[in-house]
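Summary of structural features
Residue strings, one per chain:
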Amino acid sequence: KTRTVMAAGKNSFTNLQTELLVEDKQYKYYDLKQLGDKYGRLPFSIRVLLEAAVRNCDGFQVKSQDVYNILDWEKKQENKVEIPFKPARVILQDFTGVPAVVDFA
């Protein structure tokens, strides 16, 4: 059998990377405010999805168009456009963690 492996491409949003110096440590992050005025009007939950899409944009699993679809979510929700879901954080309201365990079971 021949197996084709597709390599992920370069992130097309590296121009948004900004450096932050904290106590002699250098950190890089994506400054999403550089995406324009639409970012400031996004609900927090959509901002989290946008951040994950920008960080994971490889042109294969997450494409640049996915990022712009999330950024323009108010118009795109009418068309029911699919977006990539690659969460890096899980926010739980319950402190016991039981709902998370039940969801994963």
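Our subject is the structure that appears above.
What this report covers is the structure whose coordinates are included nearby. Bear in mind the structure is a predicted one, so any value in this text is a computation, not a measurement.

Cut-offs and rules
Residues numbered from 1 in each chain as written. Predicted model: local features only at pLDDT ≥ 70, side-chain atom pairs only at ≥ 80, totals over all residues. Heavy atoms only, no water. Helix = DSSP H or I, 4+ residues; strand = E, 2+ residues; numbered from the N terminus. Salt bridge = Lys/Arg side-chain N within 4 Å of Asp/Glu carboxyl O. Buried < 20%, exposed > 50% of the residue type's maximum accessible area, 1.4 Å probe, protein only.

Turning our attention to the environment of Ala53. Within the secondary structure layout, Ala53 lies in helix α2 (residues 44-55). The sequence separation of Ala53 and Val67 amounts to 14 residues, and the corresponding C-alpha distance is 5.8 Å.

In this structure the tally under the stated criterion is two salt bridges. One salt bridge connects Lys38 with Asp72, and the closest N-O pair in it is separated by 3.1 Å. In this pair, Lys38 is assigned in helix α1 (residues 37-40) and Asp72 in the loop between α3 (64-71) and α4 (73-76), connecting sequence segments 34 residues apart. Assessed through its relative accessible area of 17%, Asp72 is described here as buried. Close ionic contact of Glu51 with Arg55 constitutes a salt bridge, the shortest N to O distance being 3.4 Å. With Glu51 and Arg55 both in helix α2 and four residues apart, the pair spans about one turn of that helix. By relative accessible area, which is 24% here, Glu51 ends up partly exposed. Overall, Arg55 belongs to the partly exposed group, its relative accessible area being 32%.

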